[in-house]
Amino acid sequence: MSTFVRACGLGELEDDTPKRVELDGTPVSVVKTEGEVFAINDICSHANVSLSEGEVEDCQIECWLHGSAFDLRTGKPSGLPATRPVPVYPVKIEGDDVLVSLTQES
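Residues numbered from 1 in each chain as written. Predicted model: local features only at pLDDT ≥ 70, side-chain atom pairs only at ≥ 80, totals over all residues. Heavy atoms only, no water.

A. Inspection of the pattern of salt bridges at higher detail. Counting across every chain of the model gives 7 salt bridges. The residue Glu 12 makes a salt bridge to Lys 19 at a minimum N-O spacing of 3.5 Å. What makes Glu 12 partly exposed here is its relative accessible area of 41%. Accessibility expressed as a relative area gives 26% for Lys 19, which makes it partly exposed. Connected through shared salt-bridge partners, Arg 6, Glu 12, Lys 19 and Asp 97 make up one network. (Salt bridge = Lys/Arg side-chain N within 4 Å of Asp/Glu carboxyl O. Buried < 20%, exposed > 50% of the residue type's maximum accessible area, 1.4 Å probe, protein only.)

As structure tokens, then:
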């Protein structure tokens, strides 16, 4: 069973602007885009770089350092240099609270 913890308030999120939070020592990027909220591990699988510093477009978050983009739904990279996916986490909204479970979906 998944345990959800509060990551942030829904009102704290701007469309297509990642928000970095730390949950139980795990860096997570929370992103509101295309009417949904996603949570993805904040560290690029290619380099030790914060994904929340990158841009969001077409339901992908781009690593600002080398340009690899990761699908916010699956964590899979869309191109080189990254070849390994980044973990994504289940999200649910309760009132104004964005809740995230560190149980990996992928």
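B. Broad picture of the sheet that holds strand β10 (residues 97–101). Reading across from one edge, β1-β10-β9 is the order of the 3 strands in this open sheet, with antiparallel pairing throughout. Looking at strand neighbours, the two that pair on one side only are β1 (4–9) and β9 (91–94), the edges of this open sheet. Direction aside, neighbouring strands of the sheet carry axes that sit 35° apart on average. Two strands pair when backbone bridges link them, and β1 and β10 are joined in this way by 5 bridges, in the antiparallel orientation. Among the inter-strand pairings, Arg 6 is bridged to a residue of β10, identified as Leu 99. (Pairing = 2+ DSSP bridges. Helix = DSSP H or I, 4+ residues; strand = E, 2+ residues; numbered from the N terminus. Axes fitted to C-alpha atoms, helices over the stretch in contact; angles between N-to-C directions.)

C. Fine view of the sheet that holds strand β5 (residues 56–57). Ordered by their spatial adjacency, 3 strands build an open sheet running β5-β6-β7, and the pairing between neighbours is antiparallel. Unpaired on one side and paired on the other, β5 and β7 (69–71) mark the two borders of the sheet.

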